[in-house]
Amino acid sequence: MATLLRRLAMPGCSSRRCLGVFLREMHSRTSPLNPREGPRLLAGGSLPLTTYSSTHSRWQHRKAADPPEVELHRLEGEDNGIVEVLMCRHKARNALGYVFVSQMRGLVSSLSEDSAVRVVIFRSLVPGVFCAGADLKERARMNDAMSDSFVHMLRTLMTQIASLPMPTIAAMDGAALGGGLEMALACDLRTAAHSAQMGLIETTRGLLPGAGGSQRLPRTVGMTLAKELIYTGKRVGGQKALEMGLVNRSVEQNETGDAALREALSLAREILPQAPIAVRLAKEAMDRGIEVDITSAMKIEKMCYALVIPTKDRKEGMDAFIEKRPPRYTGQ
């Protein structure tokens, strides 16, 4: 870390460039999966990419012909900087099929390099559902090697979402089951309608969570509750999820069916005015620090703090406090 800090202190290293260097260095040291490796990760290590061959080539052709299953919506005006990831696989309740996951991976990859994005909200355009989990009909057509490679691809997607440098929020206005809840767990924050149903239900299908759920759920609600939820395949509503710490906020559903989205937007608007580099570095410090011992975690915090000191935003924050006015952060 000392070597990296000296590199970051070199002349010509802008705060944004420093942040990028820091994130790449930290990710390469601590993350077992590099989300930018793209198709190579699809091979699943020792499994040849040709395992997908004919079946996946058909899905690739569908991707070009069919309507998109995932889209981006950039908010404007006072909400500029908030981006919505829209899941719109209506026929399959946003089930995690090959095309859906491929499109989501490409979209998330593009967001990871976009310094103008302050907050990302993952939401559904399919009424009554956030994400129904695995596409079991599609999975049934895969042999064991194909299924293993696809789950690896799915796990990599969740790692990409978790590795996004800006805050992420899952707005669950409907069911988030299996891989759908795993996607929400990969986000930093979660909002839910009371009527939403959440659960890692894989054991009811003869499986176990395979896209990070067995690791992220204990880190979110604690080991004892996580074991109960996974062993039983139990589903919980929004209010119960709030009580156990699975979601940050839970609200009554409204007539338009978007109560969780509105709460997510409210939360995003609380984040939006804050210094973006400081927020990103705070996320990095927490995400990296929680995985190591406290001594190493303190070093990570020290490094993140050192990176924010020379930024124009830090000076603006101090000036605004002294002058008793709202700060005007530029992300520099």
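Rules and cut-offs
- Residues numbered from 1 in each chain as written.
- Predicted model: local features only at pLDDT ≥ 70, side-chain atom pairs only at ≥ 80, totals over all residues.
- Heavy atoms only, no water.
- Salt bridge = Lys/Arg side-chain N within 4 Å of Asp/Glu carboxyl O.
- Helix = DSSP H or I, 4+ residues; strand = E, 2+ residues; numbered from the N terminus.
- Axes fitted to C-alpha atoms, helices over the stretch in contact; angles between N-to-C directions.
- Parallel < 35°, antiparallel > 145°, perpendicular 65-115°, else oblique.
- Contact = heavy atoms within 4.5 Å.
- Nonpolar A, V, L, I, M, F, W, Y, C, P; charged D, E, K, R; others polar.
- Buried < 20%, exposed > 50% of the residue type's maximum accessible area, 1.4 Å probe, protein only.
- Pairing = 2+ DSSP bridges.
- pLDDT = per-residue confidence, 0-100.

All right, on to the pattern of salt bridges then. Enumeration over the complete set of coordinates arrives at 16 salt bridges. The salt bridge partner of E69 is R89, with a shortest N-O separation of 3.7 Å. Of this pair, E69 sits in the loop between α4 (53-65) and β1 (70-74) while R89 is found in the loop between β2 (82-87) and α5 (98-112), placing the two residues 20 residues apart along the sequence. Several salt bridges share partner residues, and in doing so they unite E69, R89 and D135 into one network.

With that settled, consider the packing of helix α7 (residues 144-163) against helix α8 (residues 179-186). The description of two packed helices rests on the angle between their axes and on the distance between the axes. At a minimum axis separation of 8 Å, α7 and α8 run at an interaxial angle of 25 degrees. When the axis of α7 is compared with that of α8, the two are roughly parallel. Between α7, through M158, I161 and A162, and α8, the contact on the second element is made entirely by G179, E182, M183 and A186. Grouping the constituent residues of the contact of α7 with α8 by class yields five nonpolar, one polar and one charged.

What follows concerns the side chain of E138. Along the chain, E138 falls in helix α6 (residues 136-140). The class for E138 is buried, based on a relative accessible area of 3%.

Below, the discussion takes up the sheet that holds strand β5 (residues 168-172). Ordered by their spatial adjacency, six strands build an open sheet running β1-β2-β3-β5-β7-β10, and the pairing between neighbours is mixed. At either margin of the open sheet sits one strand with a lone partner, and together these are β1 and β10 (249-251). In this sheet, adjacent strand axes meet at a mean angle of 20 degrees when their direction is disregarded. Of the pairings in the sheet, the one linking β1 to β2 comprises five bridges and is antiparallel in character. The residue of β2 that forms the bridge with R74 is V83. Where α8 meets the sheet, it contacts β2, β3 (119-124), β5 and β7 (189-193), and its direction lies at approximately 145 degrees from that of β5.

Right, let's talk about the confidence of the model for the protein chain for a bit. Detail in the predicted coordinates should be disregarded across regions flagged by low pLDDT. Overall, the predicted model of the protein chain reaches an average pLDDT of 84, with 80% of residues at or above 70. With pLDDT under 50 throughout, residues 1-16 is counted as low confidence; its partners more than four residues away or in other chains account for 26 contacts.

Looking now at the pairing of β5. The buried fraction of β5 is high, at five of five residues. Along β5, one buried face is formed by T168, A170 and M172 and the opposite face, lined by I169 and A171, is buried too. Two strands pair when backbone bridges link them, and β3 and β5 are joined in this way by three bridges, in the parallel orientation. Following the sheet pairing, F122 is matched in β5 by A170. Inspection of the sheet shows β5 paired to β7 by four bridges, in the parallel sense. For I169, the partnering residue across the bridge sits in β7 and is L189.

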